[in-house]
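Chain residues, written in single-letter form:
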Amino acid sequence: MLYALIILVAGIALVLLLNLRIRIDLDRDRRLVFLGLGRSGPEIDFATRTGAVRLFGVRVKSFELGRAKKKAAVPAVPTEEKKAVKKPKRERPLKDVLAVAPRCVCAAVGYLIDLWKSIVVEELEGRVEAGFDSPDLTGQVYGYYQAALAAVPGVAGRFAWVPDWTGPSLSGSMRLTVALPLHRLALRTLVLMCKLPLRELIKLAIGKKKGVQDGQ
């Protein structure tokens, strides 16, 4: 029993060391998206409409994207009609919803901010050549692009936009890989559960029988 518990704890610890990873690879010939745990997960190329399943980075299965075949409808077997059983109606007073809403919103916003801060940009490389209908609009957007680079200096040198002053156009390539460590996700989720008014939320989900007052 002790060895089984040790193996279980070690397995959970190893899983928490992995990263939830998203990789996007865009260019003229492919539009590749990978979503998985570590280096394992599905990889889809929307340009060729093909996909693959990778296990520790090794392709173990390939498939094509297509519509699933519709199964022939099986005729329904007539059954005896059952009398509908009326369940007691329950209500969720608006005052109870408003009482827990501020705490839930604050906890959810803090949770999303913490997750955003936990995301790690592992790879970012890109070059886009684009232009708009008028040179004035292209120059205006290019100014916004320069301002964004100044606000996020880590992107400078990794991503470049070359304006096309001749007219509307769009071409280029990009490689982006972001990861979210599972141990940070688990920790932030645990903190969220502690901040949420779980008891009140459970009561609100169950509801109150119609006509029953608090304390009765």
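Residues numbered from 1 in each chain as written. Predicted model: local features only at pLDDT ≥ 70, side-chain atom pairs only at ≥ 80, totals over all residues. Heavy atoms only, no water.

Asks: Now, about the overall build of the protein chain: what can you tell me, with residues and values included?
Replies: Helices and strands together make up the secondary structure of the protein chain, namely five helices and 10 strands. Evaluated residue by residue, the protein chain yields a buried proportion of 19% over its 216 residues. Contacts spanning at least 24 positions in sequence make up 62% of the contacts within the protein chain whose residues lie at least 6 apart. A total accessible area of about 17000 Å² is found for the protein chain, and carbon and sulfur atoms account for 65% of it. (Helix = DSSP H or I, 4+ residues; strand = E, 2+ residues; numbered from the N terminus. Buried < 20%, exposed > 50% of the residue type's maximum accessible area, 1.4 Å probe, protein only. Contact = heavy atoms within 4.5 Å. Areas by Shrake-Rupley, 256 points an atom, 1.4 Å probe, with all protein chains shown as cover.)

Asks: Explain the packing of aromatic side chains residue by residue, including any values.
Replies: One pass over the full model with this rule turns up three aromatic pairs. With a centroid separation of 5.6 Å and 55° between ring planes, the pair formed by tyrosine 142 and tryptophan 161 is classed as tilted. With tyrosine 142 in helix H3 (residues 135-151) and tryptophan 161 in strand E8 (residues 159-163), the pair connects residues that are 19 residues apart, well separated along the chain. Seen in terms of ring centroids, tyrosine 145 and tryptophan 161 are 5.8 Å apart; in terms of plane orientation they differ by 85°. Their pairing is edge-to-face. Of this pair, tyrosine 145 sits in helix H3 while tryptophan 161 sits in strand E8, placing them 16 residues apart in sequence. Exposure class is identical for tyrosine 145 and tryptophan 161. Each is buried. Of the aromatic side chains, those joined through ring pairs into one cluster are Tyr142, Tyr145 and Trp161. (Phe/Tyr/Trp six-rings, centres within 6.5 Å; stacked < 30°, edge-to-face > 60°.)

Asks: Account for the sheet that holds strand E5 (residues 58-64), with residues named and values stated.
Replies: Pairing in this open sheet of eight strands is mixed, and the strands run E5-E4-E3-E2-E1-E9-E7-E8 from one edge to the other. The open sheet terminates on both sides in strands that have one partner only, identified here as E5 and E8. Taken pair by pair, the neighbouring strands of this sheet meet at an average axis angle of 10°, ignoring direction. The strands touched by helix H4 (residues 182-195) are strand E1 (19-26), strand E2 (31-37), strand E7 (120-131) and strand E9 (169-181); relative to E9, the strand with the most contacts, the crossing angle is about 65°. (Pairing = 2+ DSSP bridges. Axes fitted to C-alpha atoms, helices over the stretch in contact; angles between N-to-C directions.)

Asks: Tell me about the confidence of the model for the protein chain, and please be specific about residues and values.
Replies: Averaged over all residues, the pLDDT of the protein chain is 82; the fraction at 70 or higher stands at 85%. By mean pLDDT, strand E10 (residues 208-209) is the weakest element of the protein chain at 72, and H4 is the strongest at 92. (pLDDT = per-residue confidence, 0-100.)

Asks: I'd love a proper account of the pairing of E9, names of residues and values included.
Replies: Along a regular strand, successive side chains alternate from one face of the sheet to the other. As paired strands, E1 and E9 are joined by eight bridges and run antiparallel to one another. Note on E9: the bridge partner recorded for isoleucine 22 is valine 178.

Asks: How would you sum up the pairing of E2? Please name residues and give values.
Replies: The alternating pattern of E2 places Leu32, Phe34 and Gly36 on a buried face and Arg31, Val33, Leu35 and Leu37 on a face that is not buried. Relative to E2, E1 is paired through seven bridges, and the arrangement is antiparallel. Its bridge partner lying in E2, isoleucine 22 is registered against leucine 35. Taking the residues that link successive antiparallel strands as the turn, the E1-E2 hairpin has four residues. Note: E2 against strand E3 (residues 41-45), three bridges, orientation antiparallel. The residue bridging phenylalanine 34 from the neighbouring strand is glutamate 43, located in E3. Between E2 and E3, which pair antiparallel and follow one another directly, the connecting turn spans three residues, one of which, glycine 38, has a positive phi of 70°.

Asks: Requested: an account of the side chain of serine 118, with residues and values cited.
Replies: Within the secondary structure layout, serine 118 lies in helix H2 (residues 94-118). Since its relative accessible area comes to 2%, serine 118 is described here as buried. Among all residues touching serine 118, those that are not within four sequence positions of it are Ala179, Leu180, Pro181, Arg184 and Arg188.

Asks: Describe in detail the environment of phenylalanine 63, supporting the description with residues and values.
Replies: Locating phenylalanine 63 in the fold gives a position in strand E5. On the accessibility criterion, phenylalanine 63 (29% relative accessible area) is partly exposed. Once residues within four sequence positions are removed from consideration, phenylalanine 63 is found in contact with Thr50, Gly51, Ala52 and Val53.

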